[in-house]
Amino acid sequence: MNVRVKFSKYGFTKFLGHLDVVRYFQKAIRRSGLSVAYSEGFNPHPLLYFAAPLGLGETSDGEYMDMELTKDYPLGEIIQRLNAVMTEGFFVQRAAKLPDWHPNQKKESIMALTACADYMAAVKDLEVDGKPYAKYFSGFREKFSAFLGQTEIIVEKESKKSTKTVDIRPLIFGWGFSAADVWNGEGAPEDGICHAQTYGNGLQVFLKLANGSTDNLKPGLVMESFCKAYGVPYQESALQFHRMETYCDLRLRMPDRNEGEESVGLKDGTREFVPLWRL
Amino acid sequence: MRKLALPDDILLQIEKPARYTGGEVNSVMKDKEAVSIRFCMCFPDVYEVGMSHLGIQILYDMFNKREDTWCERVYSPWVDLDHIMRERNIPLFALESQDPVREFDFLGITLQYEMCYTNILQVLDLAGIPLLATERGEDDPIVIGGGPCSYNPEPIADFFDFFYIGEGETVYDQVLDAYKENKRNGGTRMDYLAKVAGIEGMYVPAFYDVTYHEDGTVASFAPNHPLAKPVIRKQVEMGLSDTFYPEKPVVPFIRAVQDRVVLEIQRGCIRGCRFCQAGMLYRPIRARDLAFLKERAKLMIQNTGMDEITLSSLSSSDYKELPELVYYLIEEFREQKINISLPSLRIDAFALDVMSKVQDIRKSSLTFAPEAGSQRMRNVINKGLTEENILQGASDAFAAGWNRVKLYFMLGLPGETKQDIGEIAELGNKIAECYYKLPKQVRRGKPEIVISTSFFVPKPFTPFQWVPMNAMEEFLQKQRIVSARLKEMRNGRSIRYNWHDADTTLMEGIFARGDRRLSKSILDAYRAGCIYDAWSEYFKFGLWMEIFKQNGVDPAFYTTRERAQDEIFPWDFIDAGITKEFLWREYQKGLAEVVTPNCRRACAGCGANSFHGGVCYEERENAKEAENEEKKNAPRQKQNPEKIEETSGKVREGGMDA
């Protein structure tokens, strides 16, 4: 059976890079005793697929992993068995059964499905150059509203060879000062930030950003360009980014799913975001 | 949730922050208010190296089984964090609680190689513990040393409150109980050390005085405290199937050097290679029960989720039930795709069968360790591997599909000649010839043969502890001979040649047979900026030489000097089971090119039978069997029977192991 698992990564595990998380789950699956399918060859590894790598230092309540199991289990048992072997800093929230792949059918890659993610960006209670970082952000809400009120936000993106200018505004699908302003997920928006760290200064903003393999915007880049625009020193380690949910865009999904439907959404730019576990 | 010792901004600017955050699978959390002893276990090197060490995993498990004790871990902060901690005055902390190490009752440091000595000082310094034991006060942790380098602890004696000589499973309970009792009675640090001195195997350096002859050698080594024992007897765990062994080893999040479950199948070695310190120190050989190993292997895989298990011992082929164990593991772990690795395996039919089942033949390589190029030299060092064994093993391996072979040799062995050295290249060439003897259609391109040479460092408690080490120029000269000979070989192009660094070898040579007077140089080197000497990018050889000079230390005194038979060595106060008489006898036999049979063939009288167990007692049962075999071989024995023994590869292959 193919299963999609949604999990949280929080606390000290934010210092684990993506590859270490993959290795962690490969081991966790083996500890759980769930019968997982392995890749072929002389170095077989459990068949696990992850949605979108989380940046080092970021926490999340919206991480996804697909796995191929060789036996059928009740979904509740999968969650329970995995949580029994998790360390502090990892929590499995839910599991969803995926349709079986027909022979010869191309597997729907969870990475290719991923289109968007909600983030919370919060200012930590840390000092930067001898002054609490929050102090640099006076008039934050007005300034941030004005910043995102622009029709275009041009930033320089560095690649290996050159720097080019990009307009990041179209990659920001939504924003606001409460979680509900961006939320398309199930349940209360607060579910998406239940493992997020909170800070006394209360400065935070919510962002809905492109998070796909082609269009991708990191929350850090939004905050960096904001800081640049208002003369605030940018220190990424003094900001906490928390991913709340990861979505697929139904309108961009494989055509066979949308058969008979008009794909007007693509033309006029509207999108239909659905949390990955709902698919 | 645990509060981390380091703030986010530091953790996000250093390499691999997960080295310092703890919280790994199977790491142990306890309530610090509910325990009476806090023990911090340290491997003085970077996390990925330290986490690969089995000894700490065993002790960690053992200490944490005590309800009154919480054992945590600490490793050397990497140089990036080292700078920041000094700059911002952040005290070194333990991984589990993230509490400062200085608040602990004990800091136990494992000493696995000489090149970690300045890292010991780094750990003490960052922790805020005075570097010299004499300067520590009542509130400082008790600093304990253990591990292989504690068999000559003298060069670092000044930095430790005491050393635990031998295997940790035996008397640590006494050490900790004495601590509690002393605390209860309001005793001082000195009171405690006096109690420790009374426990078998514990060495408190402050309780001994050393005097020297005019020529620099030791004149006397004697206790200055009524409770200090004149001789410290090594601790040995004789019941290896009924002792501590972790069922739940800690699983690092980041990739460790040894990213696998380690199953120690036996301790000690029967081979008696004369250069090998481990083979002498860990006598007698003691095997763990097959049932014990099967059970632990299963539990450890279950509890860690690791995808590989490695069998650990000095010579796996000498574990009598190896085939049964290995075939069981292959079968048991087939479904979970667990990889099985078998280092230190003699290449024979069994080994090739097992390896073809567990490895990708096309990608893996086979390793031989002849250690010396000529048979004459192998007799000197008592390495019971004949050219015939090696060529047969290589031919079989090539026929089975391998085409990569690695060969390990040492340069600078006692009495080595140009001829002996040249034969290293010739052996490589002969192995390549074995490959070309295969029918053309079976070959897959060129064979890849890699020859690696290291330089021989004479070690305490080996028959070669009297031997002068080669000078640097000699080492380099010998290396050039190998290179040049390889160029002359017909198959030279199929052979790659790697060599070891001579600077590091010189340092190891100084410390391995060093004495107390070196502590000052190590301290000065650390103060001058030496740390991570085991890492070539940070090793400052020039600075070290400068510091030795300032301290009047002549490296040649410790390395290239030939020792007299009756010289008092700095480590002579340790009774490691093997006697000095045996070691001298073996040295003389080596010089005469006479081979000593392995412990299962005949007792060499090393002295380790004083531990009452292991192979020494097993031998009696097998005496008849050996006698019969001897009779069978009798017609062929024309020379000195000992000389015949070494060609007894046949015997080993046939009777003993397969």
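Calculation notes
Along every chain, residues carry numbers that run from 1 in the direction the sequence is written. All chains are assigned letters beginning at A, and all ligands numbers beginning at 1, according to the order in which they are written. Selection of residues for local features in this predicted model requires a pLDDT of at least 70, selection of side-chain atom pairs for listing and counting requires 80 or more, and totals for whole chains, interfaces and linings are taken over all residues. Two strands are said to pair when DSSP picks up at least two bridges between them. What counts as a helix is a DSSP run of H or I of at least four residues, what counts as a strand is a run of E of at least two, and both are numbered from the N terminus. The contact criterion used is a C-beta to C-beta distance within 7 Å, with each C-beta placed from the backbone. Convention adopted: a line fitted to C-alpha atoms gives each axis, helices being fitted over their contacting stretch, and angles between N-to-C directions are expressed from 0 to 180 degrees. Should an angle lie under 35 degrees it is considered roughly parallel, over 145 roughly antiparallel, and from 65 to 115 roughly perpendicular; all remaining angles are considered oblique. Crossing handedness is defined as follows: a turn of the near helix away from the far one that is anticlockwise and smaller than a right angle gives a left-handed crossing, while the clockwise case is right-handed. Where a domain begins and ends is set by an automatic assignment or by a domain database. Each residue gets one label: Ala, Val, Leu, Ile, Met, Phe, Trp, Tyr, Cys and Pro are nonpolar, Asp, Glu, Lys and Arg are charged, and the others, such as Gly, are polar.

**Student:** Help me understand the sheet that holds strand β6 (residues 202–203) of chain B in this model?
**Tutor:** For sheets, the rule is that strands pair by backbone hydrogen bonds, running either parallel or antiparallel. All names here are of chain B. Ordered by their spatial adjacency, 6 strands build an open sheet running β2-β1-β3-β4-β5-β6, and the pairing between neighbours is mixed. Each edge of the open sheet is held by one strand with a lone partner, namely β2 (69–75) and β6. As defined by bridge partners, strand β4 (residues 142–146) adjoins strand β5 (residues 162–164) across 2 bridges and the pair is classed as parallel. Bridging across to β5, G145 finds its partner in F163. Taken strand by strand, helix α3 (residues 54–65) contacts β1 (37–43), β2 and β3 (106–110), and its axis lies near 155° from that of β2.

**Student:** Just checking my understanding: could you explain the packing of helix α14 (residues 418–436) of chain B against helix α15 (residues 472–488) of chain B for this structure?
**Tutor:** Two numbers describe a pair of packed helices, the interaxial angle and the distance between the axes. Residue and element names in this part refer to chain B. Close contact between α14 and α15 brings their axes to 9 Å; oriented N to C, the two are set at 40°. On the basis of their axis angle, the class for α14 and α15 is oblique. Relative to α15, α14 is oriented so that their crossing is right-handed. Taken together, the residues of α15 that come into contact with α14 (itself represented by K418, I421, G422, I424, A425 and G428) are K478, I481, V482, R485 and L486.

**Student:** Whenever I open this one, the sheet that holds strand β14 (residues 339–341) of chain B confuses me. Can you help?
**Tutor:** Residues and elements named next belong to chain B. In spatial order, the strands read β10-β13-β14; together these 3 strands make up an open sheet with parallel pairing. The sheet terminates laterally at β10 (261–264) and β14, the two strands that pair on one side only. Put simply, the sheet's adjacent strands are angled 25° from each other on average, direction ignored. Pairing of strand β13 (residues 308–312) with β14, which is carried by 3 bridges, proceeds in the parallel orientation. Note that in β14 the partner of I309 across the bridge is I340.

**Student:** Sorry, what's going on with the domain arrangement of chain B here?
**Tutor:** Buried accessible area, meaning the area lost when the parts come together, often serves as the stated size of an interface. Residues and elements named next belong to chain B. When cut into domains, chain B gives domain 1 (8–233), domain 2 (260–359 + 577–658) and domain 3 (360–500). Each partner contributes residues to the interface: domain 2 has 27 residues there, and domain 3 has 31 residues. Those elements that provide at least two residues to the side of domain 2 that touches domain 3 are α8 (277–281), α11 (349–358) and α20 (580–591). Of the residues forming the side of domain 2 that touches domain 3, the biggest block, 5 residues, is contributed by α20. Its residues assigned to classes, the side of domain 2 that touches domain 3 shows 12 nonpolar, 9 polar and 6 charged.

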